[in-house]
Amino acid sequence: MPIDSARGHVLGFVVVTRLSTTLTDALAIDAPILQSGMGGVAGPDLVAAVSNARGLGILAALRLPPDQVRAGIRRVRELTDRPFGVNLWLHDDVVHEPPVADIPVDSIRSVQRVLNEFRPRHDLPSRLDSPPPSPDLVAAALEVMIEERIPVFSAAIGLPDHELVDRFHRVGSSVVAMVASGPDAAEVVDRGVDVVVAQGAEAGGHRSFGQKLERGMVEGTTVDALLIEVLDVVGARVPVAAAGGIVDGHDLAGVLVAGGAGVLLGTRFVATFESMASDLWKQRLLAAGPTTSTTITDAFTGQWARVLGTDFTERWTAADVRPLPGLLHATMGADLFAAAKRSGDDQLQPFYAGTAVERITALCGADEVVHSMVDVARSALSARRVGGTEVTDLR
Ligand SMILES: Cc1cc2nc3c(=O)[nH]c(=O)nc-3n(C[C@H](O)[C@H](O)[C@H](O)COP(=O)(O)O)c2cc1C
(Lines give C-alpha, C1' and ligand atoms only; values in the text may rest on other atoms or scores of the structure.)
Protein backbone atom coordinates (compact mmCIF):
# COMPACT_ATOMS: atom_id res chain seq x y z
CA MET A 1 0.00 0.00 0.00
CA PRO A 2 1.65 3.28 -1.02
CA ILE A 3 1.66 5.94 1.64
CA ASP A 4 0.75 9.37 0.38
CA SER A 5 1.69 12.28 2.52
CA ALA A 6 -1.28 14.25 1.19
CA ARG A 7 -4.27 14.49 3.49
CA GLY A 8 -6.87 11.82 2.88
CA HIS A 9 -9.74 14.18 3.48
CA VAL A 10 -10.67 17.83 3.43
CA LEU A 11 -11.65 19.51 6.63
CA GLY A 12 -14.42 21.96 5.77
CA PHE A 13 -14.14 23.51 9.19
CA VAL A 14 -12.09 22.80 12.24
CA VAL A 15 -13.85 21.87 15.44
CA VAL A 16 -11.77 22.56 18.48
CA THR A 17 -12.91 20.73 21.52
CA ARG A 18 -11.85 20.82 25.07
CA LEU A 19 -11.84 18.13 27.70
CA SER A 20 -10.64 19.64 30.94
CA THR A 21 -8.95 17.43 33.48
CA THR A 22 -6.28 17.96 36.09
CA LEU A 23 -3.79 17.01 33.36
CA THR A 24 -4.89 19.80 31.03
CA ASP A 25 -4.77 22.23 33.96
CA ALA A 26 -1.26 21.11 34.92
CA LEU A 27 0.17 21.49 31.41
CA ALA A 28 -1.94 24.39 30.12
CA ILE A 29 -3.39 22.33 27.27
CA ASP A 30 -7.01 21.69 26.25
CA ALA A 31 -7.07 18.01 25.28
CA PRO A 32 -5.76 15.44 27.80
CA ILE A 33 -3.67 13.72 25.12
CA LEU A 34 0.12 13.54 25.14
CA GLN A 35 2.11 12.38 22.12
CA SER A 36 5.19 10.53 23.28
CA GLY A 37 8.70 11.60 22.47
CA MET A 38 9.84 8.94 19.97
CA GLY A 39 13.33 8.82 18.51
CA GLY A 40 13.26 8.97 14.70
CA VAL A 41 9.51 9.60 14.76
CA ALA A 42 8.62 12.67 16.82
CA GLY A 43 10.23 15.66 15.10
CA PRO A 44 9.04 19.27 15.09
CA ASP A 45 6.25 18.70 12.54
CA LEU A 46 4.53 16.00 14.59
CA VAL A 47 5.05 17.84 17.87
CA ALA A 48 3.64 21.10 16.53
CA ALA A 49 0.67 19.34 14.91
CA VAL A 50 -0.31 17.74 18.22
CA SER A 51 0.23 20.91 20.22
CA ASN A 52 -1.69 23.00 17.67
CA ALA A 53 -4.55 20.51 18.04
CA ARG A 54 -4.47 21.39 21.77
CA GLY A 55 -2.83 18.22 23.04
CA LEU A 56 0.84 18.10 24.07
CA GLY A 57 3.39 17.19 21.42
CA ILE A 58 6.71 15.94 22.81
CA LEU A 59 9.98 16.18 20.87
CA ALA A 60 12.42 13.25 21.04
CA ALA A 61 15.94 14.22 22.12
CA LEU A 62 17.56 10.84 22.83
CA ARG A 63 21.05 10.57 21.34
CA LEU A 64 20.83 13.97 19.68
CA PRO A 65 23.78 16.36 20.00
CA PRO A 66 22.96 19.64 21.77
CA ASP A 67 22.86 21.78 18.63
CA GLN A 68 20.22 19.49 17.14
CA VAL A 69 18.18 19.55 20.34
CA ARG A 70 18.27 23.35 20.30
CA ALA A 71 17.39 23.51 16.59
CA GLY A 72 14.47 21.12 17.16
CA ILE A 73 13.09 23.21 20.03
CA ARG A 74 13.40 26.41 18.03
CA ARG A 75 11.70 24.84 15.02
CA VAL A 76 8.78 23.71 17.17
CA ARG A 77 8.49 27.29 18.44
CA GLU A 78 8.29 28.51 14.84
CA LEU A 79 5.44 26.10 14.15
CA THR A 80 3.35 26.59 17.29
CA ASP A 81 2.88 28.97 20.17
CA ARG A 82 1.24 26.24 22.26
CA PRO A 83 2.96 24.29 25.07
CA PHE A 84 5.12 21.33 24.02
CA GLY A 85 7.54 18.94 25.68
CA VAL A 86 11.00 17.50 25.09
CA ASN A 87 11.80 13.92 26.08
CA LEU A 88 14.92 12.18 27.30
CA TRP A 89 15.69 8.76 28.70
CA LEU A 90 17.28 8.78 32.14
CA HIS A 91 18.25 5.11 32.22
CA ASP A 92 21.28 4.56 34.49
CA ASP A 93 23.35 2.93 31.74
CA VAL A 94 22.43 5.57 29.18
CA VAL A 95 23.20 8.56 31.41
CA HIS A 96 26.50 6.92 32.48
CA GLU A 97 27.45 4.37 29.85
CA PRO A 98 29.70 1.63 31.25
CA PRO A 99 33.23 1.83 29.73
CA VAL A 100 33.58 -0.43 26.69
CA ALA A 101 36.95 -1.61 28.06
CA ASP A 102 35.16 -3.16 31.09
CA ILE A 103 32.97 -5.42 28.92
CA PRO A 104 34.38 -8.94 28.61
CA VAL A 105 35.63 -9.69 25.10
CA ASP A 106 33.64 -12.95 25.09
CA SER A 107 30.38 -11.01 25.60
CA ILE A 108 31.15 -8.75 22.68
CA ARG A 109 32.04 -11.68 20.44
CA SER A 110 28.95 -13.69 21.28
CA VAL A 111 26.73 -10.74 20.28
CA GLN A 112 28.74 -10.13 17.12
CA ARG A 113 28.39 -13.79 16.13
CA VAL A 114 24.59 -13.50 16.11
CA LEU A 115 24.77 -10.27 14.11
CA ASN A 116 27.23 -11.97 11.73
CA GLU A 117 24.54 -14.50 10.83
CA PHE A 118 22.58 -11.60 9.31
CA ARG A 119 25.37 -9.41 7.89
CA PRO A 120 25.74 -11.42 4.65
CA ARG A 121 22.15 -10.48 3.74
CA HIS A 122 23.42 -6.96 3.27
CA ASP A 123 26.89 -7.81 1.96
CA LEU A 124 28.46 -6.64 5.18
CA PRO A 125 31.69 -8.19 6.44
CA SER A 126 31.66 -10.28 9.61
CA ARG A 127 33.21 -8.60 12.63
CA LEU A 128 34.17 -9.38 16.20
CA ASP A 129 35.37 -5.95 17.31
CA SER A 130 34.17 -3.77 20.18
CA PRO A 131 31.78 -0.87 19.57
CA PRO A 132 33.11 2.67 19.95
CA PRO A 133 32.00 4.43 23.16
CA SER A 134 28.93 6.61 22.70
CA PRO A 135 29.35 10.35 23.22
CA ASP A 136 27.90 11.60 26.51
CA LEU A 137 24.87 13.52 25.24
CA VAL A 138 22.33 13.43 28.07
CA ALA A 139 23.82 16.18 30.26
CA ALA A 140 24.31 18.49 27.28
CA ALA A 141 20.74 17.95 26.07
CA LEU A 142 19.40 18.75 29.54
CA GLU A 143 21.41 21.98 29.63
CA VAL A 144 19.92 23.06 26.29
CA MET A 145 16.39 22.31 27.49
CA ILE A 146 16.92 24.39 30.61
CA GLU A 147 18.52 27.25 28.69
CA GLU A 148 15.64 27.20 26.22
CA ARG A 149 13.09 27.16 29.08
CA ILE A 150 11.01 24.48 27.42
CA PRO A 151 7.39 24.32 28.61
CA VAL A 152 7.54 20.63 29.61
CA PHE A 153 10.38 18.21 30.31
CA SER A 154 9.34 14.59 29.73
CA ALA A 155 11.49 12.03 31.55
CA ALA A 156 11.25 8.33 30.85
CA ILE A 157 13.10 5.01 31.09
CA GLY A 158 14.60 6.23 34.37
CA LEU A 159 13.62 8.66 37.10
CA PRO A 160 14.58 12.35 37.30
CA ASP A 161 16.23 13.23 40.61
CA HIS A 162 15.05 15.97 42.91
CA GLU A 163 17.71 18.41 41.77
CA LEU A 164 16.85 18.02 38.09
CA VAL A 165 13.15 18.52 38.79
CA ASP A 166 14.00 21.68 40.75
CA ARG A 167 16.18 23.02 37.96
CA PHE A 168 13.34 22.67 35.48
CA HIS A 169 10.86 24.23 37.90
CA ARG A 170 13.17 27.20 38.45
CA VAL A 171 13.00 28.07 34.71
CA GLY A 172 9.23 27.55 34.60
CA SER A 173 9.15 24.09 32.98
CA SER A 174 6.73 21.40 34.15
CA VAL A 175 8.08 17.88 34.57
CA VAL A 176 6.28 14.76 33.35
CA ALA A 177 7.72 11.37 34.40
CA MET A 178 6.78 8.04 32.84
CA VAL A 179 6.98 4.99 35.13
CA ALA A 180 6.04 1.34 34.87
CA SER A 181 5.51 0.51 38.56
CA GLY A 182 3.70 1.84 41.63
CA PRO A 183 6.90 2.30 43.68
CA ASP A 184 8.50 4.34 40.88
CA ALA A 185 5.36 6.50 40.74
CA ALA A 186 5.59 7.19 44.48
CA GLU A 187 9.29 8.01 44.08
CA VAL A 188 8.87 10.56 41.28
CA VAL A 189 6.03 12.29 43.06
CA ASP A 190 8.24 12.61 46.15
CA ARG A 191 10.87 14.15 43.90
CA GLY A 192 8.39 16.83 42.84
CA VAL A 193 7.23 15.95 39.31
CA ASP A 194 4.03 17.56 38.07
CA VAL A 195 2.53 14.66 36.12
CA VAL A 196 2.98 10.89 36.23
CA VAL A 197 2.48 8.69 33.17
CA ALA A 198 1.74 5.05 34.01
CA GLN A 199 3.16 2.91 31.20
CA GLY A 200 1.45 -0.48 30.97
CA ALA A 201 2.71 -3.72 29.48
CA GLU A 202 0.83 -3.04 26.22
CA ALA A 203 3.07 -0.09 25.34
CA GLY A 204 5.08 0.06 22.15
CA GLY A 205 8.75 0.95 22.46
CA HIS A 206 10.97 0.68 25.52
CA ARG A 207 9.90 -0.30 29.03
CA SER A 208 10.02 2.65 31.39
CA PHE A 209 12.34 1.22 34.02
CA GLY A 210 15.60 2.91 35.04
CA GLN A 211 17.62 -0.30 35.02
CA LYS A 212 17.73 -3.35 32.79
CA LEU A 213 15.41 -5.98 34.25
CA GLU A 214 15.77 -9.74 33.92
CA ARG A 215 13.65 -11.22 31.14
CA GLY A 216 11.07 -12.76 33.48
CA MET A 217 10.27 -9.36 35.04
CA VAL A 218 10.08 -7.27 31.94
CA GLU A 219 6.51 -7.79 30.79
CA GLY A 220 5.23 -5.44 33.52
CA THR A 221 1.65 -4.74 34.55
CA THR A 222 -1.30 -4.19 32.22
CA VAL A 223 -2.22 -0.55 31.81
CA ASP A 224 -5.61 -0.87 33.56
CA ALA A 225 -4.09 -2.53 36.62
CA LEU A 226 -1.10 -0.19 36.70
CA LEU A 227 -3.29 2.91 36.46
CA ILE A 228 -5.20 1.82 39.54
CA GLU A 229 -2.01 0.93 41.39
CA VAL A 230 -0.46 4.29 40.55
CA LEU A 231 -3.63 6.20 41.45
CA ASP A 232 -3.57 4.40 44.79
CA VAL A 233 -0.04 5.49 45.61
CA VAL A 234 -0.21 8.97 44.09
CA GLY A 235 -3.69 9.91 45.25
CA ALA A 236 -4.67 13.43 44.27
CA ARG A 237 -1.14 14.82 44.53
CA VAL A 238 -0.53 14.99 40.75
CA PRO A 239 -2.48 14.04 37.62
CA VAL A 240 -1.87 10.53 36.30
CA ALA A 241 -2.01 9.72 32.57
CA ALA A 242 -2.13 6.18 31.19
CA ALA A 243 0.04 4.84 28.36
CA GLY A 244 0.04 1.56 26.48
CA GLY A 245 -2.42 0.20 23.95
CA ILE A 246 -4.42 3.43 23.78
CA VAL A 247 -5.47 4.48 20.29
CA ASP A 248 -8.93 6.04 20.32
CA GLY A 249 -11.52 8.06 22.20
CA HIS A 250 -13.13 5.02 23.78
CA ASP A 251 -9.79 4.19 25.37
CA LEU A 252 -9.51 7.78 26.57
CA ALA A 253 -13.00 7.71 28.06
CA GLY A 254 -12.17 4.45 29.84
CA VAL A 255 -9.05 5.97 31.40
CA LEU A 256 -10.97 9.05 32.57
CA VAL A 257 -13.74 6.94 34.09
CA ALA A 258 -11.12 4.85 35.90
CA GLY A 259 -9.78 8.03 37.52
CA GLY A 260 -6.90 8.82 35.17
CA ALA A 261 -6.50 12.40 33.98
CA GLY A 262 -5.49 11.67 30.39
CA VAL A 263 -3.42 9.51 28.08
CA LEU A 264 -0.05 9.33 26.36
CA LEU A 265 0.11 7.66 22.94
CA GLY A 266 3.03 6.41 20.91
CA THR A 267 2.08 3.89 18.23
CA ARG A 268 -1.06 5.74 17.07
CA PHE A 269 1.07 8.81 16.31
CA VAL A 270 3.68 6.78 14.40
CA ALA A 271 0.98 6.18 11.77
CA THR A 272 0.35 9.85 11.02
CA PHE A 273 1.34 12.05 8.10
CA GLU A 274 3.64 14.14 10.27
CA SER A 275 5.58 11.28 11.86
CA MET A 276 9.13 10.79 10.59
CA ALA A 277 8.74 6.97 10.57
CA SER A 278 9.45 5.33 7.23
CA ASP A 279 6.59 4.50 4.86
CA LEU A 280 7.47 0.83 5.33
CA TRP A 281 6.99 1.10 9.10
CA LYS A 282 3.67 2.91 8.68
CA GLN A 283 2.53 0.25 6.19
CA ARG A 284 3.44 -2.53 8.61
CA LEU A 285 1.38 -0.85 11.35
CA LEU A 286 -1.65 -0.41 9.11
CA ALA A 287 -1.38 -3.97 7.83
CA ALA A 288 -1.31 -5.46 11.34
CA GLY A 289 -4.23 -7.75 12.11
CA PRO A 290 -5.33 -10.10 14.85
CA THR A 291 -2.54 -12.52 14.00
CA THR A 292 0.20 -9.90 14.08
CA SER A 293 2.41 -10.46 17.07
CA THR A 294 4.37 -7.90 18.96
CA THR A 295 7.19 -9.06 21.17
CA ILE A 296 9.35 -7.60 23.91
CA THR A 297 12.97 -7.93 22.85
CA ASP A 298 16.39 -6.47 23.59
CA ALA A 299 17.61 -7.47 20.12
CA PHE A 300 17.84 -3.99 18.64
CA THR A 301 19.03 -1.60 21.34
CA GLY A 302 20.04 -3.89 24.19
CA GLN A 303 17.13 -2.51 26.24
CA TRP A 304 13.72 -4.17 26.39
CA ALA A 305 11.23 -2.80 23.88
CA ARG A 306 7.98 -3.94 22.28
CA VAL A 307 8.28 -4.28 18.50
CA LEU A 308 6.64 -6.19 15.67
CA GLY A 309 8.16 -9.68 15.77
CA THR A 310 10.60 -10.58 12.96
CA ASP A 311 12.92 -13.42 12.07
CA PHE A 312 15.75 -11.45 13.68
CA THR A 313 13.92 -11.08 17.02
CA GLU A 314 13.14 -14.82 16.94
CA ARG A 315 16.73 -15.76 16.23
CA TRP A 316 18.02 -13.37 18.90
CA THR A 317 15.71 -14.88 21.53
CA ALA A 318 16.73 -18.40 20.53
CA ALA A 319 20.43 -17.46 20.71
CA ASP A 320 19.90 -16.43 24.34
CA VAL A 321 22.81 -13.99 24.30
CA ARG A 322 23.14 -11.06 26.69
CA PRO A 323 23.37 -7.73 24.81
CA LEU A 324 25.86 -5.02 25.73
CA PRO A 325 24.84 -2.45 28.38
CA GLY A 326 23.31 0.97 27.78
CA LEU A 327 22.87 1.56 24.08
CA LEU A 328 26.21 0.03 23.10
CA HIS A 329 24.37 -2.89 21.58
CA ALA A 330 22.65 -0.51 19.13
CA THR A 331 26.00 1.05 18.31
CA MET A 332 27.50 -2.37 17.62
CA GLY A 333 24.69 -3.39 15.27
CA ALA A 334 24.46 0.03 13.62
CA ASP A 335 26.05 -1.15 10.35
CA LEU A 336 23.49 -3.94 10.00
CA PHE A 337 20.42 -2.01 11.10
CA ALA A 338 21.29 0.99 8.92
CA ALA A 339 21.79 -1.27 5.87
CA ALA A 340 18.43 -2.93 6.58
CA LYS A 341 16.75 0.46 6.74
CA ARG A 342 18.36 1.61 3.49
CA SER A 343 17.28 -1.48 1.61
CA GLY A 344 13.81 -1.85 3.17
CA ASP A 345 14.55 -5.16 4.92
CA ASP A 346 11.59 -5.29 7.29
CA GLN A 347 12.98 -8.21 9.31
CA LEU A 348 16.00 -6.30 10.59
CA GLN A 349 14.37 -3.05 11.65
CA PRO A 350 12.83 -2.24 15.02
CA PHE A 351 9.24 -1.41 14.15
CA TYR A 352 8.21 -0.37 17.65
CA ALA A 353 4.51 -1.00 18.19
CA GLY A 354 2.10 -1.49 21.06
CA THR A 355 -0.34 -4.36 21.37
CA ALA A 356 -3.22 -2.21 20.08
CA VAL A 357 -1.57 -1.84 16.69
CA GLU A 358 -4.26 -3.93 15.01
CA ARG A 359 -6.82 -1.25 15.90
CA ILE A 360 -4.94 1.37 13.87
CA THR A 361 -6.44 1.09 10.43
CA ALA A 362 -5.82 4.43 8.74
CA LEU A 363 -3.06 6.89 8.25
CA CYS A 364 -4.24 10.39 9.19
CA GLY A 365 -3.06 13.75 10.40
CA ALA A 366 -1.97 14.06 14.03
CA ASP A 367 -4.58 16.77 14.57
CA GLU A 368 -7.27 14.32 13.49
CA VAL A 369 -6.11 11.81 16.10
CA VAL A 370 -6.46 14.41 18.84
CA HIS A 371 -9.78 15.88 17.66
CA SER A 372 -11.38 12.52 17.03
CA MET A 373 -10.26 11.15 20.40
CA VAL A 374 -11.75 14.11 22.22
CA ASP A 375 -15.00 13.95 20.25
CA VAL A 376 -15.44 10.21 20.76
CA ALA A 377 -14.53 10.41 24.44
CA ARG A 378 -17.01 13.24 24.94
CA SER A 379 -19.78 11.20 23.33
CA ALA A 380 -18.81 8.10 25.28
CA LEU A 381 -18.86 9.98 28.53
CA SER A 382 -22.11 11.62 27.38
CA ALA A 383 -22.53 13.62 30.52
CA ARG A 384 -21.36 17.01 31.45
CA ARG A 385 -19.44 15.76 34.45
CA VAL A 386 -18.03 12.30 34.92
CA GLY A 387 -15.63 11.47 37.72
CA GLY A 388 -14.45 15.05 38.10
CA THR A 389 -13.93 15.49 34.36
CA GLU A 390 -15.50 18.61 32.97
CA VAL A 391 -16.52 18.47 29.32
CA THR A 392 -16.87 21.81 27.59
CA ASP A 393 -16.96 23.27 24.08
CA LEU A 394 -14.34 25.68 22.85
CA ARG A 395 -15.57 26.53 19.37
C1 LIG B 1 8.14 4.25 17.99
C2 LIG B 1 8.18 4.48 19.45
C3 LIG B 1 9.27 5.16 19.99
C4 LIG B 1 9.29 5.46 21.35
N5 LIG B 1 10.32 6.20 21.84
C6 LIG B 1 10.25 6.67 23.09
C7 LIG B 1 11.20 7.62 23.56
O8 LIG B 1 12.14 8.02 22.87
N9 LIG B 1 11.03 8.09 24.81
C10 LIG B 1 9.99 7.69 25.61
O11 LIG B 1 9.85 8.22 26.70
N12 LIG B 1 9.12 6.77 25.21
C13 LIG B 1 9.20 6.26 23.98
N14 LIG B 1 8.26 5.36 23.54
C15 LIG B 1 7.27 4.77 24.47
C16 LIG B 1 6.08 5.69 24.71
O17 LIG B 1 6.49 6.67 25.62
C18 LIG B 1 4.85 5.05 25.30
O19 LIG B 1 5.09 4.48 26.55
C20 LIG B 1 4.18 4.04 24.41
O21 LIG B 1 4.27 4.38 23.06
C22 LIG B 1 2.71 3.88 24.79
O23 LIG B 1 2.15 2.76 24.18
P24 LIG B 1 1.50 2.77 22.71
O25 LIG B 1 2.65 2.73 21.78
O26 LIG B 1 0.68 1.53 22.71
O27 LIG B 1 0.70 4.02 22.57
C28 LIG B 1 8.23 5.02 22.19
C29 LIG B 1 7.16 4.32 21.63
C30 LIG B 1 7.12 4.05 20.29
C31 LIG B 1 5.94 3.30 19.72
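Residue numbering note: each chain is counted from 1, following its sequence as written. The model is predicted, so local features are restricted to residues of pLDDT at least 70 and side-chain atom pairs to those at 80 or more, both for listing and for counting; the totals for chains, interfaces and linings are taken over all residues. Water and hydrogen atoms play no part in the side-chain values, which are based on all heavy atoms of the structure.

Undergrad: Can you lay out helix H7 (residues 162-170) for me, pointing to particular residues and giving the numbers?
TA: An α-helical segment advances 3.6 residues per turn. Residues three or four places apart therefore align on the same side. Among the residues of H7, Leu164, Val165 and Phe168 are the ones counted as buried. End-on view of H7: buried residues confined to an arc of 100°, all on one side of the axis. With respect to the buried face of H7, the exposed residues turned more than 90 degrees away are Glu163 and Arg170. By definition, residues are in contact when any of their heavy atoms lie within 4.5 Å. Put simply, DSSP H or I for four residues or longer makes a helix, DSSP E for two residues or longer makes a strand, and each gets a number counted from the N terminus. Where H7 is buried, its residues meet helix H6 (138-147), strand E5 (152-156) and strand E6 (174-179). Categorising residues by exposure relies on relative accessible area from a 1.4 Å probe, with only protein chains included: less than 20% of the type maximum marks a residue as buried, more than 50% marks it as exposed, and the intermediate range marks it as partly exposed. Summarising the geometry, the arc corresponds to the directions from the helix axis toward the C-beta atoms.

Undergrad: How would you summarise the packing of helix H3 (residues 66-79) against H6 if you had to cite specific residues and measurements?
TA: Fitted lines through C-alpha atoms serve as axes, helices being fitted only where they are in contact, and the angles separating the N-to-C directions of these axes extend from 0 to 180 degrees. Where H3 contacts H6, the axes come no closer than 9 Å and their chain directions differ by 30°. The angle between H3 and H6 falls in the class roughly parallel. H3 and H6 meet at a crossing whose hand is right-handed. Counted together, Pro66, Val69, Arg70 and Ile73 of H3 and Ala140, Ala141, Val144, Met145 and Glu147 of H6 form the full contact between these two elements. The nonpolar class holds Ala, Val, Leu, Ile, Met, Phe, Trp, Tyr, Cys and Pro. Asp, Glu, Lys and Arg form the charged class, and all remaining residues, Gly among them, are polar. The residue makeup of the contact of H3 with H6, split by class, is seven nonpolar, no polar and two charged. Here roughly perpendicular refers to angles of 65 to 115 degrees, roughly parallel to angles under 35, roughly antiparallel to angles over 145, and oblique to all remaining angles. Here a crossing is taken to be left-handed if its near helix is turned anticlockwise relative to the far helix by less than a right angle, and right-handed if that turn runs clockwise.

Undergrad: Tell me about the packing of aromatic side chains, residues and numbers included.
TA: Whether two aromatic rings pair depends on their centres lying within 6.5 Å, for rings of Phe, Tyr and Trp, where Trp uses its six-membered ring; planes under 30 degrees apart make the pair stacked, over 60 edge-to-face, and the rest tilted. A complete count under the given rule lists seven aromatic pairs for this structure. Across from the ring centre of tryptophan 304, 4.8 Å away, lies the NZ or CZ of lysine 212, which sits over that ring. We call a charge positioned over a ring when the NZ of a Lys or the CZ of an Arg lies within 6 Å of the ring centre and within 35 degrees of the ring normal.

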